[in-house]
Amino acid sequence: MNTQMYKPEGFYVGTEGRESFYSQSTLEKAAATGKILEGQVTLCDSDFSLYVDLGCMKGKIPREEAVYYPSGEEIKDIAVITRVGKTVSFKVLGFETERGETIAVLSRREAQKSCLENYLMTLIPGDVVDAKVTHLEPFGAFVDIGCGVISLLSIDCISVSRISHPRDRFYTGMYIKTVIKSIDRETSRIYVSHKELLGTWEENVSKFEIGQTIAGVVRSVEPYGVFVELTPNLAGLAEYREGVFPGQRAAVYIKNIIPEKMKVKLVLVDAYSSSAPSDYRFEYFETKNHIDRFVYSPSVCDRVIMTDFENEE
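Residues numbered from 1 in each chain as written. Predicted model: local features only at pLDDT ≥ 70, side-chain atom pairs only at ≥ 80, totals over all residues. Heavy atoms only, no water.

J.: In this structure, what is going on with the pairing of strand β11 (residues 213-222)? I would like to understand it.
T.: Residues in a regular strand point their side chains to alternate faces of the sheet. Pairing of β11 with strand β14 (residues 249-258) involves five bridges; the strand directions are antiparallel. When the bridges of β14 are listed, Gly 216 appears paired with Ala 250. Between β11 and the antiparallel strand that follows it, strand β12 (residues 225-231), lie two residues. (Pairing = 2+ DSSP bridges. Helix = DSSP H or I, 4+ residues; strand = E, 2+ residues; numbered from the N terminus.)

J.: Got a minute to help me understand the nonpolar core in this structure?
T.: Here is a general trend for soluble globular proteins: nonpolar side chains tend to be buried in one another's company. Residues Leu 120, Ile 145, Phe 170, Ile 176 and Ile 190 are the most contacted members of the largest nonpolar core, which totals 32 residues. At the level of elements, α3 (108-118), β6 (128-137), β7 (140-144), β9 (175-184) and β10 (189-193) are the ones that each hand at least two residues to this core. Grouped together as the second largest cluster of nonpolar side chains are 27 residues, Phe 208, Ile 257, Leu 266 and Leu 268 included. (Core = buried A, V, L, I, M, F, W, Y, C linked by side-chain atoms within 4.5 Å. Buried < 20%, exposed > 50% of the residue type's maximum accessible area, 1.4 Å probe, protein only.)

J.: What should I look at first to understand the packing of aromatic side chains in this one?
T.: Aromatic ring pairs are reported here in terms of the distance separating the ring centres and the angle at which the planes meet. If you walk through the whole model with that rule in mind, you get seven aromatic pairs. On the basis of an interplanar angle of 40° and a centroid distance of 6.0 Å, the ring pair of Phe 282 and Tyr 284 is categorised as tilted. For the pair Phe 294 and Tyr 296, a centre-to-centre distance of 6.4 Å together with 45° between the ring planes defines the contact as tilted. Each of the two residues, Phe 294 as well as Tyr 296, counts as buried. (Phe/Tyr/Trp six-rings, centres within 6.5 Å; stacked < 30°, edge-to-face > 60°.)

J.: Can you help me understand the sheet that holds strand β15 (residues 263-272) in this one?
T.: Two pairing modes exist for strands in a sheet, parallel and antiparallel, and in both the strands are linked by backbone hydrogen bonds. Strand order in the closed barrel formed by five strands is β11-β12-β13-β15-β14, and the pairing between neighbours is mixed. Taken over all neighbouring pairs, the strand axes of this sheet differ in orientation by 50° on average, direction set aside. In this sheet, β15 lies alongside strand β13 (residues 234-238) in parallel orientation, the contact comprising two bridges. Among the inter-strand pairings, Ala 238 is bridged to a residue of β15, identified as Leu 266. (Axes fitted to C-alpha atoms, helices over the stretch in contact; angles between N-to-C directions.)

J.: Just to check I follow, could you spell out the environment of Tyr 6 for this structure?
T.: Locating Tyr 6 in the fold gives a position in the segment before α1 (24-33). You can call Tyr 6 buried: its relative accessible area is 5%. Separated by 112 residues in sequence, Tyr 6 and Asn 118 place their C-alpha atoms 9.2 Å apart. A polar contact is formed between the side chain of Tyr 6 and the side chain of Ser 114, at a distance of 2.8 Å. (Polar contact = N/O pair within 3.5 Å; in protein donor to acceptor, adjacent residues only side chain to side chain.)

J.: Even after reading the chapter, I still don't get unusual backbone geometry, so can you show me in this structure?
T.: Across residues other than glycine, the phi torsion is negative in most instances, and most of the peptide bonds are trans. Phi is positive for Phe 48, which is not a glycine, with a value near 65°. Note on Phe 48: relative accessible area 25%, which makes it partly exposed.

J.: Before we go on, may I ask you to explain the confidence of the model for the chain in this structure?
T.: Parts of the prediction with low pLDDT should not have their coordinates interpreted in detail. Looking at the chain, pLDDT values average 92 and 94% of them are 70 or higher. Per-element averaging of pLDDT across the chain places α1 at the bottom with 92 and β7 at the top with 98. (pLDDT = per-residue confidence, 0-100.)

J.: Explain the pattern of salt bridges here, please?
T.: Here the idea is simple: oppositely charged side chains can pair when their charged atoms come close. Going through the model one piece at a time under the given rule, you end up with 13 salt bridges. The closest approach of N and O atoms between Lys 113 and Glu 117, which form a salt bridge, is 3.2 Å. Of the two residues, Lys 113 and Glu 117 both sit in helix α3, four residues apart, roughly one turn of that helix. Taking the relative accessible area as the measure of exposure, Lys 113 reaches 24% and is therefore partly exposed. Lys 207 is the partner of Glu 283 in a salt bridge, and the nearest nitrogen-oxygen pair spans 2.8 Å. Taken as a pair, Glu 283 in the loop between β15 and β16 (293-295) and Lys 207 in the loop between α4 (201-205) and β11 lie far apart in primary sequence, 76 residues in all. Judged by its relative accessible area of 38%, Lys 207 falls in the partly exposed class. (Salt bridge = Lys/Arg side-chain N within 4 Å of Asp/Glu carboxyl O.)

Listed below in C-alpha cells is the structure:
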C-alpha cells in the first residue's frame, strides 16, 4: 500500500508528490487509477460547490463531495466554505461541460473515504503519522492526519511540560508528527498524542549541565515555586518570586539535576515579557514508525511515567 498518498492536505505543496498544476492527460489518468491529487480552492458558489485551480482547467467539488462523514451525518455549510483559500485533497470523478467549458468533477469525500478505510483504519496505537494543525481550542488541537481527516490531540498529550493553551506549542497550519493513541473502530474516530515523540527525561536533561545559565519559559507559578520550561518535555523548579507570571521568558541558573527524583532545581535570575515569537521547532527523538512503549522517567527513579501503546486498544 502506498501510504504516501494519504498525507495531510497541503503536505506536498511545493514538491512533486502531488502535482499542483496538471495537464488534462494527467487528470484523465488520475480518474482511471483513483490517484489522490491536491489543489487550492479558489471559490465557493451559491450552491456550495467548491472550485479548484488545476492549472489546465477548473475543478469542481460538488457540495455532497466536499466532506466524508463515516456516520453519514449531513454536511454543514461551514465545513464547505472554510475550505476556500486552502489546499484540499481529491479524486477525479470525471469531466463535464459547464457554460461551454470543460471542467473536472472532483471528490474530496472519496479521497477521505479512501484514506480512512485503506490507511487510517489499518493503523494501531503506537504508529507514528504526519499531521497538520487545523484548529486550536483550550482543550486541545485538531489535526489533519490524512486527506483532511481530523483527529483530536488533547492538551495533556501535547507535551510533558504543562502548558496553558495549545497555542503555547502550535499554530494553525503547522505540520507536526503525532503517534496514534487510540482508535474507535465503530465510530472511526482516531485520537493522537505528541509528547511521546519529544524525548525522555534523560534525553532532554542531557542537553544541560549544573552551573549553566540558560533561557526558558515560565509555565506555572505556584505558592511553592516557579516552573520553568527548558524544553517541551522538561521543566525545572525555581523558588517563588513575586511578580512572575506564566508566559514570561526567563533566565535560570541550573543549581542541581537529580535523576532519582526526576528534578531539575533552578535559580531564577531574571523574568521578563517578550513579544518575540515562540520557537515552534521540535526535536523529535523518536525516528521509528511505531512505538510499543514510551517510558519518560529515568530507570533510577521510583516514580514511573510511561505510555503503553500495546494496551491502548
